[in-house]
Amino acid sequence: MTTFAELTTIGVGGNIDHFMEPTTRASIIEEIEHADAHGIPVCVIGGGSNLLAADGDFHGIVVRDARRLITVPDEADPVEDGDNTVHVTAEAGCNWDDLVAFCVERGLEGIEGLSGIPGNVGASVVQNIGAYGQEVATSVESVEVWDREDRRTKTLSNVEMQFGYRSSLLKTSMYKAPGVPNEEYYPSPRYIVLSVTFALTHTKTGTVNYPQLAAALHANLRDRIPIGRLRDAVLDVRASKAMLEDATRYRLPVMADEKRPEQVERAIRAQQRFVTHHDAPADVVNEHMEATVGENEDYDRHSCGSFFMNPIVSEQIANTLPDDSPKYPATLPDGSTGVKLSAAWLIDHAGFHKGYRVREDAPAALSSRHTLALTNRGGATCADILELASAIRDGVRRQFNVTLVPEPVIINAQLS
Ligand SMILES: Cc1cc2nc3c(=O)[nH]c(=O)nc-3n(C[C@H](O)[C@H](O)[C@H](O)COP(=O)(O)OP(=O)(O)OC[C@H]3O[C@@H](n4cnc5c(N)ncnc54)[C@H](O)[C@@H]3O)c2cc1C
């Protein structure tokens, strides 16, 4: 039986009643239609890199789109009037970083800063992935979806997607309020992504948009440099912080073919340079991890990425925080002016430093290389991860009167 532990980067979660991998557009829609018509819980999963599932059984259907085609509809067209826009369409099941590599190899600018983000194309637009000065929203032309309510396919434009910080129409359809699931669709959106069309620019170069990247590249902010160098720098900076997935997971039978083999080998080779020794006692290593534990294993990578979102608060609350806490202009959900805070700063300054555990022998810990990543050090359960998350949320609330909201989709469980 397939488990969420096998399908997710954090490696926790129980058995799944039915795991389906449809290979056609029609069969994906059929699976979702069937589940919705019979009131069966349905979870559409991609790379499982933003999911935390409960330890108990999932009595429903988990659907993973097995279509991974990338097409360049206007590749054969001549570049006219100096317009160097190139459209690229990727099916939802395509691995996100495979798509980035494909575009960078062709000199297409727009998503290179998002190199190394785990997961698939479908989910990339759900939470509007972002990193190193880029967000996917700026390159999305349109998104083809299955609308579970109207029971028909639709093509949503960039504007209709209502992209925001780690948000979109799709993400908001899953919640009644921040952190409060809309049971009608949760843990997946009302709109299931079938494919995404990107509008990229054929420039062969990219802009250095982020101070850490500039430092790694010995370049200045706003410098234009070859796009391949930019991608390599992003991957290196991510690796140094363990903000890449553990690529050895693609050796699990259930993950085979999920990512292009040459990209898996490249990622595993690169991982060797940054690996740390895992610190789990041998007898509590997860069964599925035993199959993959090897010289490349890196438990700092067994996470959902950033566990908490950067909170956006009113100016009034922001003014109560110390002067040296990072604050950025932002917009509150109701459209009024707000302030974006750094979740990492709040966590660290509330006393939760890298490597923090609730108990010395707890199998869940903050990453030793990134304050925002809650990691499974081997054998952690969903309950262990949530215990750590709750301790951090409560500590930050006590210290700063700000409530952190989890970024991952939490299935059949919640923070206490
Ligand atoms: C090490 C690490 C680093 C990370 N770094 C970043 C980062 O820098 N920036 C960032 O933004 N995120 C980051 N993330 C989070 C994560 O990679 C992204 O959110 C990613 O887009 C999730 O993709 P996925 O395919 O794994 O989604 P999953 O975890 O499989 O699913 C997440 C949600 O999307 C829904 N979903 C999946 N596929 C579809 C579909 N086809 N249609 C509709 N809904 C769908 C699921 O139902 C679920 O609700 C990181 C995660 C890890 C583990």
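Here the structure is a predicted model, which is why all the values come from computation and not from measurement. (Residues numbered from 1 in each chain as written. Predicted model: local features only at pLDDT ≥ 70, side-chain atom pairs only at ≥ 80, totals over all residues. Heavy atoms only, no water.)

Some remarks on the nonpolar core
Counting 104 residues, the largest nonpolar core has F4, V88, W96, L99, F198, F308 and I392 as the members making the most contacts within it. Looking at this core, the element that brings in the most residues is helix 12 (residues 382-400), giving 8 residues. Looking at which domains feed residues into this core, each of domain 1 (1-65 + 299-416) and domain 2 (70-238) gives three or more. Those residues in contact with V88 that sit more than four places away from it in its chain are I70, T71, V72, P73, L99, F102, C103, L108, V196, T197, F198 and L200. If you look at the next biggest cluster of nonpolar residues, it comprises 10 residues, including I28, A35, V42 and I192. (Core = buried A, V, L, I, M, F, W, Y, C linked by side-chain atoms within 4.5 Å. Buried < 20%, exposed > 50% of the residue type's maximum accessible area, 1.4 Å probe, protein only. Helix = DSSP H or I, 4+ residues; strand = E, 2+ residues; numbered from the N terminus. Domains from an automatic or database assignment. Contact = heavy atoms within 4.5 Å.)

Quick look at the packing of helix 3 (residues 96-105) against helix 7 (residues 227-240)
When two helices pack together, their arrangement is captured by the angle between the axes and the distance separating the axes. One can describe the packing of helix 3 onto helix 7 by two numbers: an axis separation of 10 Å at closest approach and a directional angle of 155 degrees. Relative to helix 7, the element helix 3 lies roughly antiparallel. In this structure, helix 3 uses D97, V100, A101 and V104 to contact helix 7, whose residues at the interface are I227, G228 and R231. Looking at the contact of helix 3 with helix 7 residue by residue, the class counts come to 4 nonpolar, 1 polar and 2 charged. (Axes fitted to C-alpha atoms, helices over the stretch in contact; angles between N-to-C directions. Parallel < 35°, antiparallel > 145°, perpendicular 65-115°, else oblique. Nonpolar A, V, L, I, M, F, W, Y, C, P; charged D, E, K, R; others polar.)

Considering the domain arrangement of the chain
When cut into domains, the chain gives domain 1 (1-65 + 299-416) and domain 2 (70-238). Put simply, the middle of domain 1 and the middle of domain 2, counted by C-alpha atoms, are 21 Å apart. Residue-level contacts link 23 residues of domain 1 with 23 residues of domain 2. Interface area for domain 1 against domain 2, summed over the two sides, is near 2,000 Å², with a carbon-plus-sulfur share of 56%. Between the two partners, domain 1 and domain 2, sit 3 salt bridges. Of the charged contacts, one joins D36 and R148 as a salt bridge, the two residues approaching to 2.9 Å between their closest N and O atoms. If you look at where domain 1 meets domain 2, you find 7 residue pairs in polar contact (both at pLDDT 80 or more). Those elements that place two or more of their residues in the side of domain 1 that touches domain 2 are helix 2 (25-37), strand 2 (42-44) and strand 22 (409-411). Its residues placed into classes, the side of domain 1 that touches domain 2 shows 12 nonpolar, 5 polar and 6 charged. (Buried area = accessible area lost by both parts, 1.4 Å probe. Salt bridge = Lys/Arg side-chain N within 4 Å of Asp/Glu carboxyl O. Polar contact = N/O pair within 3.5 Å; in protein donor to acceptor, adjacent residues only side chain to side chain.)

Re the site of the ligand
Neighbouring residues of the ligand: 38 residues in total, closest V44, S49, Q127, S188 and R238. Separating an oxygen atom of the ligand from a backbone N or O atom of G48 is a distance of 3.0 Å. At a separation of 2.6 Å, an oxygen atom of the ligand approaches a polar side-chain atom of Q127. Taking 990 Å² as the accessible area of the ligand by itself, protein coverage stands at 96%. Mapped onto the shell around the ligand, the elements with two or more residues apiece are helix 4 (121-124), strand 8 (130-131) and strand 14 (191-202). Of the residues assigned to the shell around the ligand, the class counts are 20 nonpolar, 15 polar and 3 charged. Residue contributions to the shell around the ligand reach at least three from each of two domains, namely domain 1 (1-65 + 299-416) and domain 2 (70-238). (Near = heavy atom within 4 Å. Areas by Shrake-Rupley, 256 points an atom, 1.4 Å probe, with all protein chains shown as cover.)

Observations concerning the environment of R260
Here R260 shows up in the loop between helix 7 and helix 8 (261-272). A residue is classified by how much of its surface remains accessible, and R260, at 33% relative accessible area, is partly exposed. Each C-alpha atom of the pair R260 and P181 lies 34 Å from the other, and the pair is 79 residues apart in sequence. Not counting chain neighbours up to four residues away, the residues in contact with R260 comprise R68, I70, D98 and F102.

Here's the deal with the sheet that holds strand 17 (residues 312-313)
Spatially, the 3 strands line up as an open sheet ordered 17-19-18, and their pairing is antiparallel. The open sheet terminates on both sides in strands that have one partner only, identified here as strand 17 and strand 18 (327-331). In this structure, strand 17 lies alongside strand 19 (residues 337-341), joined through 2 bridges in antiparallel fashion. In the sheet register, I312 faces strand 19, and the bridge partner there is K340. (Pairing = 2+ DSSP bridges.)

Regarding the packing of aromatic side chains
What the rule picks out here adds up to 7 aromatic pairs. On the basis of an interplanar angle of 80 degrees and a centroid distance of 5.2 Å, the ring pair of Y132 and Y210 is categorised as edge-to-face. One end of the pair, Y132, is in the loop between strand 8 and strand 9 (134-135); the other, Y210, is in the loop between strand 15 (205-207) and helix 6 (211-217), with 78 residues separating them in the sequence. Geometry around Y165 places K340 over its ring, the cationic atom sitting 3.9 Å from the centre. (Phe/Tyr/Trp six-rings, centres within 6.5 Å; stacked < 30°, edge-to-face > 60°. Lys NZ or Arg CZ within 6 Å of the ring centre and 35° of its normal.)

Considering the UniProt feature "active site" (unreviewed entry) in the chain
In this structure's numbering, the residues bearing the UniProt feature "active site" (unreviewed entry) are R166, S306 and E407. For this annotated set, covering 242 residues, all C-alpha atoms fall within 11.4 Å of each other, a compact arrangement in space. The residue R166 is located in the loop between strand 11 (152-157) and helix 5 (169-172) in this model. Polar contacts involving the side chain of R166 include one to the main-chain carbonyl oxygen of G130, which spans 3.1 Å. In this structure, S306 sits in the loop between helix 9 (287-290) and strand 17. In contact with S306, not counting residues within four places along its chain, are M243, L372, E407 and P408. (UniProt positions renumbered as here; feature names shortened; annotations may be inferred.)

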